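Chain and residue survey
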Amino acid sequence: MLAKKEIVLGVSGSISSYKSVEILRELSRLKACVTVVMTKNAVEFISPLTFQILSKQKTITGLFEAHQEFQPEHIALSRKADFLLVAPATANIIGKFASGIADDFLSSLFLSMRAPILLAPAMNPTMYLNPFVQRNLSLLKKNNIEIIEPGVGEVACGESGQGRLAAVEDIVERVIQKLRRESSLQKHNIIITAGPTREYLDPIRYLSNRSSGKMGFALAKVAYQRGAHVTLISGPTNLSPYSPHINYIPVVTTEEMRQAVEHHFPQSTIVIMAAAVCDWQPLHPASSKIEKHTLPADFFKLQNTPDILEFLGQEKKGQIIVGFAAETTNVLEKAKGKLRTKNLDLICVNDITQEGAGFDVDTNKVSLIDIQHNVIHFPLMTKEKVAEKILDKVETLVKK
Ligand code: C5P
């Protein structure tokens, strides 16, 4: 199940370190290739040799060990790793991770990881509830480090409360789930557009719309997390892409967006046009500032911008193309019409008159319509959850 997956198992010093041996055995049984990295304190609890024999790999215990294989070791290991699991994660290592300290192999590896990370804390319940530990955990969570909550019960020192390492099978299951999700869009080149575009009337004034870009950026994040190579082409927003490994192309005008999309289109396998492209552009934009008392008669003469999505629908060669439709009336009918005329595979429609749906909010309420006119209605959800639903559906279309 985990064949060919390179997993790094970080072990820090806790009485529950012995359970890492069971975790290693389970991961190996599932055919993962596991490299164990131990902190200095962990070595006090359990011998590196135990891990070495079971993993059939050298156990790493120090930053300055002489390994011929990796140069420099923590960078090379982080590049080949598909996953970092730290179990048990003590208050100390959690504190180092959250503060960016890199004074041993495991903390240096953590900072250089690009692959997903799961921490399984284990410590005395009072330590676990300590506000500094809790602050560190929530900071890590905010930065997309997953935490598997410790269990409740009696801990080794005799006290009771929350602090026991989560059950081995639950930890292994989380690794499987996360890795499965991580790789479901591997080998796919996805173009995602986001945000509004602007059309300038003169060098200062422009036409645009209320799009915040949140939906498109959420799609880029989830697609990236599922292993896709993501090109995010966005009009002006206040957002930054989730990862520096997302190919981010900021644009301003519809023409710039069109050029960027068409440039990347031939290499893509999936395109999701979440951008709220400005529909009109001035027929005669002024090259210098128009003075306020000299409004030209044709100042607001407009023409349609090129429809990027329609062009992609005409030109597609096997790509899955997803459009968006923000509507206020006859929502489903209009969306079905767009699906057909733009030759799309899927359309995500939202009725922007509904509370919590549409522009500049963190939530959305959408329906998905495919070419068989199957309609799935979703309840109000965060834009990230909506992104997951859209990509789940895209994955089923890809498999067909
Ligand atoms: O026709 P309508 O503008 O409602 O269609 C919305 C969909 O078309 C969105 O996916 C949007 O990104 C895309 N679009 C486009 N080029 C335009 C206008 C909209 O690609 N000029």
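Within each chain, residues carry numbers counting from 1 in the order of the written sequence. Residue-level local features of this predicted model are given only where pLDDT is at least 70; pairs of side-chain atoms are given and counted only at 80 or more, and the full residue set underlies all totals for whole chains, interfaces and linings. Side-chain calculation: all heavy atoms of the structure are included, whereas hydrogens and water are not.

1. A closer look at the site of the ligand
Nearness here has a simple test: a residue counts as near a molecule or strand if at least one of its heavy atoms is within 4 Å of that partner. Among the 13 residues in the neighbourhood of the ligand, the closest are listed as M273, A275, L309, F324 and K338. In protein, a polar contact means a hydrogen-donor-capable atom and an acceptor-capable atom, both N or O and within 3.5 Å, with residues adjacent in sequence counting only if both atoms are side-chain atoms; elsewhere, any N or O pair within 3.5 Å suffices. Taking M273, its main chain carries an N or O atom lying 2.7 Å from an oxygen atom of the ligand. For the ligand, an oxygen atom lies 2.4 Å from a polar atom in the side chain of K338. Applying the majority rule of atoms within 2 Å of the grid points places the ligand in the second largest pocket. Counting only elements with at least two residues in the shell around the ligand, the list comes to α12 (308–315) and β16 (320–327). In this classification, the charged set is Asp, Glu, Lys and Arg, the nonpolar set is Ala, Val, Leu, Ile, Met, Phe, Trp, Tyr, Cys and Pro, and all remaining amino acids, among them Gly, are polar. When grouped by side-chain class, the residues that make up the shell around the ligand number seven nonpolar, two polar and four charged. Cavity means a closed set of points on a 1 Å grid over the protein atoms alone, one where a 1.4 Å probe fits but cannot get out, pocket means an open set with protein on both sides within 12 Å along at least 5 of 7 lines, and lining means a residue has an atom within 4 Å of a point. A molecule is said to be in a cavity or pocket once over half of its atoms fall within 2 Å of that pocket's grid points. Secondary structure elements follow DSSP: runs of H or I of four or more residues count as helices, runs of E of two or more count as strands, with numbering from the N terminus.

2. Quick word on a negative patch on the surface
Where like charges cluster on the molecular surface, the negative patch consists of E22, E169, D170 and E173. Residue contributions to the negative patch peak at three residues, all from helix α9 (residues 168–183). With respect to the helices, strands and loops of the structure, E169 is situated in helix α9. Burial classes: relative accessible area under 20% of the type maximum marks a residue as buried, over 50% as exposed, and values in between as partly exposed (1.4 Å probe, protein chains only). Judged by its relative accessible area of 56%, E169 is exposed. A residue counts toward a patch only above 30% relative accessible area and without a salt bridge, and it is joined to like-charged neighbours within 9 Å or, for Val, Leu, Ile, Met, Phe, Trp and Tyr, to nonpolar neighbours within 5 Å. To measure how exposed things are, a 1.4 Å probe is used in the Shrake-Rupley method; for residues, cover is taken only from the protein chains shown. The working definition used for a salt bridge is a side-chain nitrogen of Lys or Arg within 4 Å of a carboxyl oxygen of Asp or Glu. Under the convention used here, Asp and Glu are negative, Lys and Arg are positive, and both His and the chain ends fall outside the count. Charge coordinates come from a single atom per side chain, which is NZ of Lys, CZ of Arg, CG of Asp or CD of Glu.

3. Observations concerning the layout of surface pockets
Considering only enclosed or pocket space, the largest pocket measures out at about 1200 Å³ in volume. For the lining of the largest pocket, the elements supplying multiple residues, two or more each, are α4 (73–80), α5 (91–99), α6 (105–112), α8 (131–142), α9, α10 (214–225), β11 (229–234) and α14 (383–399). Split into classes, the residues belonging to the lining of the largest pocket amount to 18 nonpolar, 11 polar and 13 charged. Grid points are joined across faces, edges and corners, and a volume is the space filled by probe spheres set on the points. Of the voids in this model, the second largest pocket is the one considered here, and its volume is about 880 Å³. Every residue lining the second largest pocket is counted, 35 residues in all, and those nearest its centre are A275, A276, V277, D279 and A326. Put simply, the parts of the chain that give the lining of the second largest pocket at least two residues each are α10, α12 and β16. Counted by class, the lining of the second largest pocket contains 17 nonpolar, 12 polar and six charged residues.

4. Notes on helix α11 (residues 254–264)
Buried within α11 are the following residues: T254, M257, A260 and V261. The arc that holds the buried residues of α11, viewed along the axis, is 130°, so those residues lie on one side. The contact definition used throughout considers only heavy atoms, calling two residues in contact when any of these lie within 4.5 Å. Looking at the packing, one finds that the buried side of α11 touches β8 (189–194), β9 (199–200), β11, β12 (247–250) and α12. The directions from the helix axis to the C-beta atoms are what the arc is built from.

5. Let's talk about the environment of Y128
Residue placement: Y128 occurs in helix α7 (residues 125–129). Between the C-alpha atoms of Y128 and A91, which are 37 residues apart in sequence, the distance is 7.4 Å. Contact partners of Y128, with chain neighbours within four places excluded, come to P121, M123, V133, Q134, L137, E149, P150 and Q162. At a separation of 2.9 Å, a polar atom in the side chain of Y128 contacts the side chain of E149.

6. Points about the pattern of salt bridges
Counted according to the given criterion, the structure contains 20 salt bridges. The partner of R29 in a salt bridge is E26, and the shortest N-O contact between them spans 2.8 Å. Taken together, the residues span about one helical turn, with R29 and E26 both in helix α1 (residues 18–29) at a distance of three residues. Judged by relative accessible area, which is 54%, R29 ranks as exposed. When the shortest N-O distance is used, the salt bridge between E146 and R174 registers 3.0 Å. A residue pair is termed long-range when its members are at least 10 positions apart, and E146 in strand β5 (residues 146–147) and R174 in helix α9 qualify at 28 residues. Overall, E146 belongs to the partly exposed group, its relative accessible area being 22%. Assessed through its relative accessible area of 29%, R174 is described here as partly exposed.

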